[in-house]
Structure formats: C-alpha cells, structure tokens
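# Coordinate inspection notes
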Amino acid sequence: MKRRTILKSLGLSTTALMLNKHLQGFPLDGLTSQVPAKGPFQPTWESLQNNYRTPNWFSKAKFGMWAHWGPQCQPEAGDFYARNMYVQGSKAYNIHVSKYGHPSKVGFKDVIKEWKAENWDPDALVKLYKSAGAQYFVAMANHCDNMDLYKSKHQKNWNSTKLGPKKDIIAEWSQAAKRHQLPFGVSVHAAHAWIFMETAQHADKTGPLAGVPYDGKLQKANGAGQWWNGLDPQELYEQNHPLSENSDVDGILNKQWRWINGASKPSQAYIKKYFDRTLDLIDSYGPDLVYFDDPILPLWPMTDDGLKIAAHLYNKSLKDHGELRAVMTMKGLDSNQRKGMVWDIERGLSNEIEPLPWQTDTCIGNWHYHRGIYESKAYKSAKTIIQMMVDIVSKNGNLLLNIPVRADGTIDEIEQGIVEEIGRWMKANSESIYDTVPWRVFGEGPALEAIAELKREGFNEGKGKPFTAEDIRFASKGSVVYATIMGWPESGKTKVKSLGKNSDKNGKKVESVQLLSTKQKLVFEQKEDALYVTMPDNKPLEYYANALKIQC
C-alpha cells in the first residue's frame, strides 16, 4: 500500500499529509498492524472517533494541578537541563561544571544519583492544590531525560525506586490524590529521549578538554570501579545511534520535534521499549488521565502505537470502572482527531469556543524548578493565572497548571503564596468555573482586537493584549450567565454589550445580577445597547476578575 494511502486510512489531517514529503526513509512498521484491543475500542482513528466521549468529570473539572518534577529539578537550573548541560557555554553547562564537574567525567546519570527528594510530602502538596480549587492532579511519570519515576518493569535500573530518591514517586502521588478524592493523571515525555539526549554525544569545542567526549557513549563495561558499576548508561541515554543532522545547532530540537528535518530515526527496539513502558505505567497505576508530550501520536510517524495505547487505556477504564473515565491528551490534533482524544495546547489557548473539551497546560515559571526565577521574583502572578483560566473556560477548555517543585520535594514561599491566592479567588468564584459550559459568545472587549495566533502545539500565551475592566468573559449554567469582568471599572459601572435588549447574543430579560464573590445584589439596567451594572463601593480582595452571576 502506498504511504499516502496508509496515512489517509489512519484518519490523519491535511497537515500530517503535507508532512509526508518530509518522511521518506522512515520505517512504517506497525502502521497497518491490526492487533485487536480487548473491548469496544480498537487501535484505529475511526474506532476512537466513533466511540470516545470525554468523561463528565473532566468536562466539569476545568482546573487541574501538575507536578512536573523529576531529576532535572536537582540542579534547580530550569528546563532541558539534561540536554543543555552538554552544550558548552550554556547556563546549564556552566552551572553543571561549577556544581558537579565536567560532563565528560560527571554526566546526567550522576545528577540522578544526587537527587534525594528528602523533604517531599506528596499528601501536603496535593492537599494544598485541592484547597486552591484543583479538581484533578497530574504527576510526571518520565521526562525526555528517560528516567522513569515509578517501579518500572522495562526501565528496571534507571527508575526512582532504584536510584535517586529510591521511592515510587508515581505510587505516592497516586495515593495522595486518592486520599483527597482527586482524579489522578500521569504525564509521559520519554518518546523524545532519542534526540533530546544527543548532546551527550558531543564534546567541548574549545578549552583544555576540547574534543574529549562527554559521557553519552558510555557502556556498561565502562562502569568498573564507578558507583554505577553494573548499570548500562545506554539504557538511560539511548545514544547508540548516529547523530541527527545539525545536532550541534542551537534550537535544532524544536525543528526536529516531529521527527523531520534530519532527525535520527529511533530503532524498533527503542519504540517497543517505550510502548511496553507506557502500558506498564497504565496497567500498574490505573491513571484517569495520560498526558503525552507529543504531536498527533507518540513516535509518529514511525509507529501507530499511540492508537494502541489509547485503545488499551480506554478499554481498561471501562473494565475497571464500569464506565469510561479515561482521558488521553495529545498535541497538534486536527478537528477529527480531537473526537478520539483530548486536544492539549502547551503554553497557549484557543481563540474560539471549541465544540469539544480541550486543555491548556502551562506553568508559573519554568517547567523544571529554576532558582533564578525564584530569586528574581519572576513567576506568573495569581492574577495572570486566574484571568487565563477564566478565558480558557469561556472557550470550553480546562487549565492544567504546573507549580515547579524544588529538588527536595517542596515548593518555595512565593509559589505557596500564589497557590493560596488562587485558592481564595476560587473559593469565592468557583461557581462560575466548575461545571459550566460556554455561552453564546466567549467574550467581548478590546483584548479581542489583538488575539495572538495559535500555531502548531501552542505557545501563544501572553502575546495578546492585556485584559482591562472592559474585557468580559462568559460561561453559563442553565438559565444563569456568568460574566467575569477582567478588572475593576474606575467609573463604578460595567457595561455588558452582549446582554443588551437588542443584542443578537441574548434576547432574554435579565432578572437579577449578583457579585458572586460577595453575594451582593447589584443595581442594574438592561437597555437596548447593553446591560449596565453598578459595582459596589468596596472592591473584593482579588478584584482583577469579578464574576457577575446574571439570572436571565
């Protein structure tokens, strides 16, 4: 069967078909595999799209918290540490040399050894996140550094029960979520370890150790006399392969993320191991949600294993719960693919009401803890997060928020304050968030004039026009419309054009208006051009997002 015909049979988007011209030479093993899954879901786009319905718990939840925490947090130097510590001259490289030693002698495997998570209290953190209004909790199961944070049957030596904390991180997070009655999710990022860790094959270009290879090519036999004697670094680094084209070019990873532009091709053994590790994670911990840091499917276009994982997850959920509770999120999905799994947008958001539930994942700082962000007080504010959440909910989405965790398993006092402030707002206004659906229009106001374009997997947050008191976002529940004012009007009055008598968005008489946070009934007048509301004299504490409960 021709490649393009195979792609079409899998239900792939026009974008994916256009990518076909870049994929010549990639193996297509498994693309036409018809290994049946046990249950109504089969590993095909058609089966997933026809049978999947987003579970009510996810559609109603709107807000989740995420612990994107692993050994790359040990140096407290931010994102992509395991990759960038092997880039001479980078901040991560300089920190690594100063803190641990030269990467030809002390590599990322040695950073894992140093990570102890000695003050980690998963119960206290999940309790805090629930008090802040989170309706589900997600923990990172592995990152592109390839270290499994659970008792892994297929990453037997390089996992958190054997090295570092010597704890089953996922098991303890899962137990804490269960105690606090929150749906539990895991995030899986390890598909890209093959190219993510390629910098470990490099060497310094200048200086006294120029040309001395970093530790990325070490083998099990090299461990004699070392702390890692008996371990095979290649089970972690996966660098027994030729480098991708231009692997030493700054920013090349982003261009090769979809396995194009000269990306090195993963072996079938690597693909199979990733598949086995992921099914083991699902079978052992029974997550309600599995987040994948991949466009379309993990390791696509080399394999269609992502469809098999989805079918397995959904069928297991039906068997375990008697109903479908499972959510699987993926990036870069087209409108048809979103019928079979939930569309996730990284550090960005949709610009319209989506017909199906979707999710934004973002963070108040770097994904991995960065001490410099703490010291410079550069976190996103609670105001930014809350306004973002209101905007996302108005478009039928959920917000999954990461609070970076320090190496020792704690969060810092600034992060604590942000979480608590979010909690205060949610306690007063959550009725306008939970279990709502989009109204006839998601919003009005000047920010709509400068919406940032959404491209690829996301990354459009913070690029639009800042919200003001003239910006309003809507949600609804039955006959109630929630209009959240993104600021406090200095005039003391709010004008809601979409609720005017002559508005084509409304057409109903407004019966009452209440400031949700204080339960105060407000004076209003519904005129032909707009609904005019007189705000109270005293501002609420978190006055940057004021939910009005409007009975129609």
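These notes cover the structure that comes with them. Every residue gets a number counted from 1 within its own chain, in the order that chain's sequence is written. Since the coordinates come from a predicted model, pLDDT governs what is reported: local features require at least 70, and pairs of side-chain atoms require 80 or more to be given and counted, while whole-chain, interface and lining totals use all residues. Processing note: side-chain calculations cover all non-hydrogen atoms of the structure and skip hydrogens and water entirely.

Time to look at the environment of Ile309. Helical segments are the DSSP runs of H or I of at least four residues, strand segments are the runs of E of at least two, and each set is numbered from the N terminus. Following the sequence through the fold, Ile309 ends up in helix H14 (residues 305-321). Distance from Ile309 to Leu297, taken between C-alpha atoms, is 9.7 Å for residues 12 residues apart in sequence.

Attention now goes to the environment of Leu333. Assignment of secondary structure puts Leu333 in the loop between strand E5 (327-331) and strand E6 (342-346). Note: C-alpha distance between Leu333 and Asp344 (11 residues apart in sequence) is 8.3 Å.

Before going further, it helps to spend a moment on the packing of helix H8 (residues 122-131) against helix H9 (residues 169-179). Relative to each other, H8 and H9 sit at 45°, their axes nearing to 9 Å. One way to sum up the angle between H8 and H9 is to call them oblique. Note that H8 runs across H9; the crossing there is right-handed. Where H8 approaches H9, its residues Pro122, Asp123, Leu125 and Val126 are matched on the opposing element by Glu172, Trp173, Ala176, Ala177 and Arg179. Three classes are used: nonpolar for Ala, Val, Leu, Ile, Met, Phe, Trp, Tyr, Cys and Pro, charged for Asp, Glu, Lys and Arg, and polar for all others, with Gly counted as polar. Split into classes, the residues belonging to the contact of H8 with H9 amount to six nonpolar, no polar and three charged. Interaxial angles span 0 to 180 degrees and are taken between N-to-C directions of axes, which are lines fitted to C-alpha atoms, for helices over the stretch in contact. To sort the angles, those under 35 degrees are grouped as roughly parallel, those over 145 as roughly antiparallel, those from 65 to 115 as roughly perpendicular, and the leftovers as oblique. Less than a right angle of anticlockwise turn of the near helix away from the far helix marks a crossing as left-handed, whereas a clockwise turn marks it as right-handed. Should any heavy atoms of two residues lie within 4.5 Å, those residues are counted as being in contact.

Stacked, tilted and edge-to-face are the three classes applied to pairs of Phe, Tyr and Trp rings, where Trp contributes its six-membered ring and a pair requires centres within 6.5 Å; stacked means planes under 30 degrees apart, edge-to-face means over 60, and tilted covers the rest. Under the criterion given, the structure shown has 20 aromatic pairs. Considering the side-chain rings of Trp69 and Trp173, the 6.2 Å spacing of their centres and the 85° angle between planes classify their relative orientation as edge-to-face. Note that Trp69 is positioned in the loop between strand E1 (63-67) and helix H5 (81-84) and Trp173 in helix H9, a separation of 104 residues in sequence. Each of the two residues, Trp69 as well as Trp173, counts as buried. Seen in terms of ring centroids, Phe80 and Phe196 are 5.0 Å apart; in terms of plane orientation they differ by 80°. Their pairing is edge-to-face. Of this pair, Phe80 sits in the loop between E1 and H5 while Phe196 sits in helix H10 (residues 193-196), and the two are 116 residues apart along the sequence. A 1.4 Å probe rolled over the protein chains alone gives each residue an accessible area, and that area as a share of the maximum for its type sets the label: buried under 20%, exposed over 50%, partly exposed in between.

The next point concerns unusual backbone geometry. A cis amide bond links Trp300 with the next residue in sequence, Pro301, at an omega value of 20°. The topology assignment puts Pro301 in the loop between strand E4 (289-295) and H14. If you check the backbone angles, Lys166 has positive phi at about 55° while not being a glycine. Along the chain, Lys166 falls in the loop between strand E2 (136-142) and H9. Phi at Asp435 takes a positive value of approximately 55°, unusual for a residue other than glycine.

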